[in-house]
Each structure stands twice: as C-alpha cells, then as structure tokens.
Amino acid sequence: LVMDVPEDANAGCPGTGSSKAGKSSACAGCPGQASCASGQGPPKPDVSGVIDRLSEVKHKILVMSGKGGVGKSSVTTSLALAIATDPKVQVAVLDIDLCGPSIPRMLGVEGEGVHQSADGWTPVGVKDNLCVMSIAFLLDNKNDAVVWRGPRKAAIIKQFLSDVNWGEIDYLLIDTPPGTSDEHISSVQLLMGAGSVDGAVLVTSPQEIALLDVRKEISFCHKTNLPVIGVVENMSGFACPHCKECSELFPATTGGATKMCEEFAIPLLEKLPLDPRLTKCLDEGEDFFEKNGDSAMAKTLLSLANKIKEMLH
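Bear in mind the structure is a predicted one, so any value in this text is a computation, not a measurement.

Asks: I'd like a description of the overall build of the protein chain, backed by residues and values.
Replies: The number of helices and strands found in the protein chain is eleven helices and eleven strands. Relative to a compact globule of 313 residues, whose C-alpha radius of gyration would be 20 Å, the protein chain shows 20 Å and is just as compact. Projected onto the principal axes, the alpha-carbon positions of the protein chain cover approximately 60 × 55 × 40 Å. Out of the 313 residues belonging to the protein chain, those deemed buried represent 47%. Residue pairs in contact within the protein chain that sit at least 24 positions apart in sequence constitute 76% of those at least 6 positions apart. Just so you have it, the protein chain exposes about 15200 Å², and 50% of that area is on carbon and sulfur atoms. For the protein chain, the distance from the average position of its 28 positive side-chain charges to the average position of its 39 negative side-chain charges is 3 Å.

Asks: Describe the pairing of strand E1 (residues 57-64), and please don't skip the residues or the numbers.
Replies: The buried fraction of E1 amounts to seven of the eight residues, a majority that puts the element mostly inside the structure. Across six bridges, the pairing between E1 and strand E7 (residues 169-175) is parallel. Its bridge partner being in E7, Val63 is matched across the sheet by Asp175.

Asks: Got a sec to walk through helix H7 (residues 208-223)? Specific residues and values, please.
Replies: Over its 16 residues, H7 extends 23 Å from the first C-alpha to the last, a length consistent with the 22 Å expected when each residue adds 1.5 Å. The complete set of buried residues in H7 reads Glu208, Ala210, Leu211, Val214, Glu217, Ile218, Phe220 and Cys221. Against E1, helix H6 (182-193), strand E8 (199-204), strand E9 (228-239) and helix H8 (256-264) lie the buried residues of H7. Looking one or two residues past H7, Asn225 carries a phi angle of roughly 60°, positive in sign.

Asks: A description of the environment of Gln189 should follow, citing residues and the corresponding values.
Replies: Examined against the element boundaries, Gln189 turns out to sit in helix H6. Overall, Gln189 belongs to the partly exposed group, its relative accessible area being 35%. A C-alpha to C-alpha distance of 22 Å links Gln189 and Gly167, two positions 22 residues apart in sequence.

Asks: Describe unusual backbone geometry, and please don't skip the residues or the numbers.
Replies: Its identity is not glycine, yet Met235 carries a phi of approximately 55°, on the positive side. Turning to its location among the elements, Met235 is positioned in strand E9. Under the relative-accessibility criterion, Met235 is labelled buried at 13%. The phi torsion at Ala265 lies on the positive side, around 55°, for a residue other than glycine. Mapped onto the elements of the fold, Ala265 is located in the loop between H8 and strand E11 (268-274).

Asks: Would you mind going over the pattern of salt bridges in detail, with residue names and values included?
Replies: For the coordinates displayed, the defined rule picks out twelve salt bridges. Asp213 is the salt-bridge partner of Lys67, the closest N and O atoms lying 4.0 Å from each other. Of this pair, Lys67 sits in the loop between E1 and helix H3 (72-83) while Asp213 sits in helix H7, and the two are 146 residues apart along the sequence. Here Glu183 makes a salt bridge to Lys153, at a shortest N to O gap of 3.3 Å. Of the two residues, Glu183 is situated in helix H6 and Lys153 in helix H5 (residues 150-163); the sequence distance between them amounts to 30 residues.

Asks: Break down the packing of H5 against H6 for me, with residues and values.
Replies: Packing of H5 against H6 leaves a shortest axis separation of 9 Å and a crossing angle of 40°. Put simply, H5 runs oblique to H6. Crossing of H5 against H6: the hand is right-handed. Here Gly150, Lys153, Ala154, Ile157, Lys158 and Leu161 of H5 lie close against H6, whose contacting residues are Asp182, Glu183, Ser186, Ser187, Leu190 and Leu191. Of the residues belonging to the contact of H5 with H6, the class tally is five nonpolar, three polar and four charged.

Each value, and the rule that gives it
- Residues numbered from 1 in each chain as written.
- Predicted model: local features only at pLDDT ≥ 70, side-chain atom pairs only at ≥ 80, totals over all residues.
- Heavy atoms only, no water.
- Helix = DSSP H or I, 4+ residues; strand = E, 2+ residues; numbered from the N terminus.
- Rg over C-alpha atoms; globule rule 2.2 N^0.38 Å.
- Buried < 20%, exposed > 50% of the residue type's maximum accessible area, 1.4 Å probe, protein only.
- Contact = heavy atoms within 4.5 Å.
- Areas by Shrake-Rupley, 256 points an atom, 1.4 Å probe, with all protein chains shown as cover.
- Lys, Arg positive; Asp, Glu negative; His and termini not counted.
- Charge placed at Lys NZ, Arg CZ, Asp CG, Glu CD.
- Pairing = 2+ DSSP bridges.
- Expected span 1.5 Å × (residues − 1).
- Salt bridge = Lys/Arg side-chain N within 4 Å of Asp/Glu carboxyl O.
- Axes fitted to C-alpha atoms, helices over the stretch in contact; angles between N-to-C directions.
- Parallel < 35°, antiparallel > 145°, perpendicular 65-115°, else oblique.
- Left-handed = near helix turned anticlockwise from the far one by under 90°.
- Nonpolar A, V, L, I, M, F, W, Y, C, P; charged D, E, K, R; others polar.

Take a look at the structure:
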C-alpha cells in the first residue's frame, strides 16, 4: 500500500521562529497556528501570578528526558537531597509528572496533605531546607489515575507555579514526565514568560533506545530556546555493594551519552551507576545521604550537585 504523505507530515513543531511556523502540516490543530503564521508567534500566557510567586526563587531547573524509565524522578530526588546536604541552601521540588507522581514517595512524604491559606498552597516539608509540591498530595487515593486532557494539565501546572507559596528558595527542581508534550510546553512557556529559567538537565541511560528519545528532548529545548545545562547518564553500570566493582548493565552500543554529548556539544555532567542501596532508599522514602553518606554513589551525586551549582553561578 502506497500512501501520498505530505513531505513534512511526520515533522514536529517547526519552532515559533521558523519560516514554516504555523504553515507546516504539523501545525494543524494547534491553538497558536494563526498567530504563528501571521508572524506574531503563539499567544503568550498570563504569567503575572507566576512572576510574583517565583520572585524569590533564585534558580529554576527542569529535569527532563524524552524516554520513560531512565530514572528521571530518581535523579531529581537524589539531586535535591544532595543539594540539601548544605543546610544553608533552600531547595524545593515541583513534581509535574501528573500521571505518574512518584516524588512524594521517594522523599518519604507520601500521604501528606497540602495546607491552603490566604497565602496559597504551602508545599510539604521534607526537612528544614527541602520541600515538595505534587499532584499526589491532591488525590483522594494514591491509586487514582489522573485522566486529564492538555488544557487541564496546563491549568494545574500554572496553579502550581502561581498559587504555591514557595518563599525564598535557592534551587527549584521541576520533575517532568517523559516526552515533549503538554506538561513540557506549559512549564517552559510559563517559566520563560516569567523571565527566568536556568535550563534543563537531561537524563538518559547508555543504550541507543534511550538516546533516540533524549535527542528529541534536545530538539525540543532548541525549538523552545530552553538552555541545556547538561546530560546525566543514569544506570551507567552496576555498582555492586559487596565487591565495590562496577559492571556494564546496559551496553552503550553507539557510544552512550558521551558520544551524544559530543555530537550536540553539550556537557556530560555525570555518569551515575545503578546502586541497589539508593534504589532501596528511594523506594522506602529514606534519605540516602543519611544512610550511605560515605559511599561512592553519595560522593558522585554530591559531585553532580556541585557541578550544577558552579555552572549556575
């Protein structure tokens, strides 16, 4: 069967600054098609509330990956805990993985409720200098599915950014779902419209099947003018807790994250092995640095945190 397929039918958004903006077949059905085609660009969201709420948040970092299952939420949680080992630094995590919110469990606050006052929602405290906000806190049952279309997803993300009383925060880490869709577009538009977002940390694993999707995430960042802070290769080997050796778990058949970062000229921040002790702590909501602070994995995570802090200063 031969079908007459338009040349750009399989293309994604050409980018709002492209000469094809609003004119590509991929633009069909997009609410901003007419604005892009006229050269005005997509309609800008109202970010006045976001600007006010984030005025005291110094650094905003999106943790992203086009691929599911590479440990993006695990990296977000571990990075937040690593940064929070410095008691002078205030850290917050925003979980916008609306259909699979796992951050509260990993941080040991699953089942907590959100307090609402005249100042807005108060994020749930994990420790003195670490707090978190997630859709999981608003569900009646942790097993309930969030079956929402794009507009409602966009609305709750805006609410998280404009109605949560974040206060003075040094680092806000935003954990995103896999892909390059509604949640990503909404969060990037709101943050960039509010005037400041440091960029994205992209998470991958070594095998080509993961790198294929992460390359799409890099393309998304380029099209939305979102800076890429760097890449973390997660599950880069298996760290045996007994013999201390690290063995290959997922073969890097095409050179892994190292080769991809060279291809796109972006920094490879760190290679994180799969450590069963970290997996256990995340599953049970325990602080890995309190349990295994002297481990090689803890030192690697602290190194990752320090690299990101240095790059943002």
